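Close look at the chain arrangement
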Amino acid sequence: MAKKDLIIGFLIGIVAACIGAGIFLLLFTDIRSIEGLHFIRQQHLSGKVITLGAIANLICFFVLLKFQKEEMARGVVLATFFLAILTVLL
């Protein structure tokens, strides 16, 4: 059961980061199309967008701790580390 909760937490962390990045792009930029995403890749801003999206993981982490889902919260932390490594590689 612990491994299942860890994997679910990891997936929650990745999805939350994607949603967080999408919300950031919609609210704070003029990027609304595929061409805008191409602009992000050309300007090497992908790492910054991923990092800002990972802020949503902080919210998920504390919500999971509030509901006493420690293994899922550990999976969210694992996803955050994965995103940090991905950011460094980009």
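Scroll up to find the structure.
1. Describing the overall build of the protein chain
The number of helices and strands found in the protein chain is five helices and zero strands. Seen through its principal axes, the protein chain has C-alpha atoms that stretch 45 × 25 × 15 Å. Across the 90 residues in the protein chain, those meeting the buried criterion constitute 29%. Partitioning the intrachain contacts of the protein chain with sequence separation of at least 6 by distance along the chain shows that 72% fall at a separation of at least 24. About 6,500 Å² of surface is accessible on the protein chain, with carbon and sulfur atoms providing 74% of the total.

2. Quick word on the nonpolar core
Ala16, Ala56, Cys60, Leu64, Met72, Ala73 and Val76 form the largest nonpolar core, which has seven residues in total. Setting aside anything within four residues of it in sequence, one finds Cys60 in contact with Ile12, Ala16 and Val76. Ala21, Ile31, Ile40 and Val49 belong to the second-largest nonpolar core, a separate cluster that totals five residues.

3. What to know about the pattern of salt bridges
Tallied over the full model, the rule gives one salt bridge. The partner of Arg74 in a salt bridge is Glu71, and the shortest N-O contact between them spans 3.1 Å. Residue Arg74 and its partner Glu71 are located together in helix α5 (residues 70-89), separated by three residues, close to a single helical turn.

4. Here's the deal with the state of the cysteines
Here a disulfide denotes a covalent bond joining the sulfur atom of one cysteine to the sulfur atom of another. Enumeration over the complete set of coordinates arrives at zero disulfides. Unpaired in terms of disulfides, Cys18 finds its nearest cysteine sulfur in Cys60, a separation of 12 Å.

5. A closer look at the packing of aromatic side chains
For the structure on display, the rule yields two aromatic pairs. Relative to Phe82, the ring of Phe10 lies with its centre 5.8 Å away and its plane at 65 degrees, an arrangement referred to as edge-to-face. Of this pair, Phe10 sits in helix α1 (residues 2-28) while Phe82 sits in helix α5, and the two are 72 residues apart along the sequence. Residue class for Phe10 comes out partly exposed when judged on its relative accessible area of 24%. For Phe82, a relative accessible area of 44% gives the class partly exposed. When the centroid spacing of 5.3 Å and the interplanar angle of 75 degrees are considered together, the rings of Phe61 and Phe62 count as edge-to-face. Judged by its relative accessible area of 51%, Phe62 is exposed.

So, how was this worked out
Residues numbered from 1 in each chain as written. Predicted model: local features only at pLDDT ≥ 70, side-chain atom pairs only at ≥ 80, totals over all residues. Heavy atoms only, no water. Helix = DSSP H or I, 4+ residues; strand = E, 2+ residues; numbered from the N terminus. Buried < 20%, exposed > 50% of the residue type's maximum accessible area, 1.4 Å probe, protein only. Contact = heavy atoms within 4.5 Å. Areas by Shrake-Rupley, 256 points an atom, 1.4 Å probe, with all protein chains shown as cover. Core = buried A, V, L, I, M, F, W, Y, C linked by side-chain atoms within 4.5 Å. Salt bridge = Lys/Arg side-chain N within 4 Å of Asp/Glu carboxyl O. Disulfide = S-S within 2.5 Å. Phe/Tyr/Trp six-rings, centres within 6.5 Å; stacked < 30°, edge-to-face > 60°.

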